[in-house]
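Structure at a glance
Each chain, written out:
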Amino acid sequence: MARTPCIPYRGSKQAIAPEIIRAIKALCPNAIYFYDLFGGGGAITVSALQSNYFKKVFYNEYDKGLVNLLTFLRDLKGQGLPKEYWEWVSREKFESLRDSDDDSAYATMVRRIWSFGNNGTGYMFGKNLEYGKQLIHKWIVNGDVDAKNELQEYLKGNFAELTGDTIHDRYMAYRANINTTTRCWKESESCERIEALERLQALESLQALDYQDVKIETPIEQTVIYCDPPYRNTAGYNCDFDVERFDKWFRDCPYTCFLSEYDAPFEQVGQIKKQALNAAGNTRKIKSKIEKLYWNRNIGAKE
C-alpha cells in the first residue's frame, strides 16, 4: 500500500494516517468539514483529502515555513519541482539554512528533506557516507556518468544503467535495482524524499496560526477537529508546548475534537500500532509503538 505523501516531519502520521481518518469518520459519519490544527508535514490533511469523506479540509500549522512550503507545492499545479529543489545540498549549505531565520519554501524544504530523523537540526548523512551519497544523487538526478564511474571505483563494483530521460524515470530505475549491490547503493533517502514532494495533492485553506486562533465557523454537527500536538513527556520538538492550556481548550471546545497521543486525560476511542525506525551508529531497529486516539465526545459524535 502506497504511503500518504507528505513533508518529512518528526512524529509524522504518514504510515497510519488513513487508519486515523477512517476511525474519525466511523465515529462522526455526518462530518463533512475536517480541520487539522497541528498539520505538520500534511500527512493527515492529505489523507483526509484522498479519502473523499469530507467536503472541505482545512490545514493549520504554527510553523510558517511549513505553510510556505505546502503553499508553494500546491501552487505548482502539477508542473513538477524546480531544478533547484533536486540539487545536492551539502552539509555546509544545510547548516547555513538551518541556522538562519529564512522561512521560505526552499529553506524549509532543505531543513526537512536533508535532516537526519526529520528533526530539522542534524545533517542527513554521516561524514563517512557523504561522498558516496553525493555520487548516487548526482547520478540519479543529473544523469552524471562521471559520478557513476567514480561511484563504481569508490565501491569497487559495477552498476546497471539508469534508463529514462527524467529524474523520476531514473529514480524508479534505481529503485528497481536497490537489492543488487552494497548498502551505500541501496539507500538514497534524499531522492526518495524529494520525489515524494511531487506527489503531494493540491491543498487548500492553508494557515499559520496558533491552534486557538483558527476561526471555525462551519456547522458544529458537521465538523470534526483533529489535533496532533507535541506529545506530553517527550522531547525533540524544539518548542515549549503548554499542555495544560491545550487540555483546557480541548475539553471546552464546542466541536467534536480528536487527539493523537500516547497518554492523555480524555476518553480513548481507538489505538493503532505504529512502527518506528531507530538508528544508532551502524544499526537500525524497528520499534512498535501504540498510538492512541482520544476525543472530547461532543456534538456530532455517534451516541
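About the criteria used
- Residues numbered from 1 in each chain as written.
- Predicted model: local features only at pLDDT ≥ 70, side-chain atom pairs only at ≥ 80, totals over all residues.
- Heavy atoms only, no water.
- Core = buried A, V, L, I, M, F, W, Y, C linked by side-chain atoms within 4.5 Å.
- Buried < 20%, exposed > 50% of the residue type's maximum accessible area, 1.4 Å probe, protein only.
- Helix = DSSP H or I, 4+ residues; strand = E, 2+ residues; numbered from the N terminus.
- Contact = heavy atoms within 4.5 Å.
- Arc of directions from axis to C-beta.
- Pairing = 2+ DSSP bridges.
- Right-handed = clockwise from strand over helix to strand, strands pointing away.
- Phe/Tyr/Trp six-rings, centres within 6.5 Å; stacked < 30°, edge-to-face > 60°.
- Expected span 1.5 Å × (residues − 1).
- Polar contact = N/O pair within 3.5 Å; in protein donor to acceptor, adjacent residues only side chain to side chain.

A closer look at the nonpolar core
Core analysis: the largest hydrophobic core is formed by 45 residues, its most contacted members being Leu81, Met109, Trp114 and Leu197. Mapped onto this core, the elements with two or more residues apiece are α3 (64–75), α4 (83–86), α5 (91–98), α6 (105–113), α7 (130–142), α8 (145–155), α9 (167–176) and α11 (189–197). Per-element accounting of this core gives the leading share, six residues, to α6. Beyond its immediate sequence surroundings of up to four residues, Met109 is in contact with Leu69, Tyr85, Trp114 and Leu197.

Brief notes about helix α1 (residues 17–27)
All buried positions along α1 are accounted for by Ala17, Ile20, Ile21, Ile24, Lys25 and Leu27. Angularly, the buried residues of α1 cover 165 degrees about the axis, an arc narrow enough to put them on a single face.

Details of the pairing of strand β1 (residues 33–36)
Neither face of β1 is left uncovered, since the one carrying Tyr33 and Tyr35 and the one carrying Phe34 and Asp36 both have all their residues buried. Relative to strand β2 (residues 56–60), β1 runs parallel, the two sharing four bridges. Bridge pairing links Tyr35 to Phe58 in β2. Remark: the β1/helix α2 (residues 43–51)/β2 crossover connection has right-handed handedness. Taken together, the four bridges between β1 and strand β4 (residues 223–227) define a ladder with parallel strand orientation. What sits directly across from Asp36, in β4, is Tyr226.

Quick word on the side chain of Ser47
Looking at the secondary structure, you find Ser47 in helix α2. We classify Ser47 as buried; its relative accessible area is 5%. Excluding residues within four positions of it along the chain, Ser47 makes contact with Thr4, Ala17, Pro18 and Ile21.

Description of the packing of aromatic side chains
Applying the stated rule across the entire model yields 24 aromatic pairs. Aromatic side chains Tyr131 and Tyr154 sit 4.8 Å apart centroid to centroid with 90 degrees between the ring planes, which places their arrangement in the edge-to-face category. Residue Tyr131 is found in helix α7, and its partner Tyr154 is found in helix α8; the two are separated by 23 residues along the sequence. Look at Tyr154 and you get partly exposed, because its relative accessible area is 37%. Ring geometry for Phe246 against Phe250: centres 5.6 Å apart, planes inclined by 35 degrees, an arrangement best described as tilted. Taken as a pair, Phe246 and Phe250 lie in helix α12 (residues 243–252) at a separation of four residues, close to a single helical turn. The same class applies to Phe246 as to Phe250, namely buried. Counting every residue linked through ring pairs, the aromatic cluster contains Phe38, Tyr211, Phe241, Phe246, Trp249, Phe250 and Phe266.

What about the environment of Gly41?
Relative to the helices and strands, Gly41 is located in the loop between β1 and α2. When its relative accessible area of 5% is taken as the criterion, Gly41 is described as buried. In this structure, the C-alpha to C-alpha distance between Gly41 and Gly11, residues 30 residues apart in sequence, is 9.4 Å.

Observations concerning α3
With 12 residues, α3 extends 16 Å between its outermost C-alpha atoms, agreeing within 8% with the 16 Å of an ideal straight helix rising 1.5 Å per residue. Three or more residues of α3 are buried, namely Gly65, Leu66, Val67, Leu69, Leu70 and Leu73. Tucked into the core, α3 has its buried residues touching β2, α4, α6, α11 and β3 (206–207). The backbone nitrogen of Gly65 has a side-chain oxygen 2.9 Å away, supplied by the residue at the start of α3, namely Asp63. With its phi angle positive at about 50 degrees, Lys77 sits one or two positions after the end of α3.

Regarding the side chain of Thr223
Looking at the element boundaries, Thr223 is found in strand β4. Owing to a relative accessible area of 2%, Thr223 belongs among the buried residues under this scheme. Among the polar contacts listed, one links the side chain of Thr223 to the side chain of Thr218, at a separation of 2.7 Å. For Thr223, the side chain forms a polar contact with the main-chain oxygen of Pro219, separated by 2.6 Å. Excluding its chain neighbours within four sequence positions, the residues that come into contact with Thr223 are Ala31, Tyr33, Tyr35, Ile216, Thr218, Tyr255 and Thr256.

So, the pairing of strand β5 (residues 256–261)
In terms of burial, β5 is a largely internal element, six of the six residues being buried. In this sheet, β5 lies alongside β4 in parallel orientation, the contact comprising four bridges. Its bridge partner lying in β5, Ile225 is registered against Cys257.

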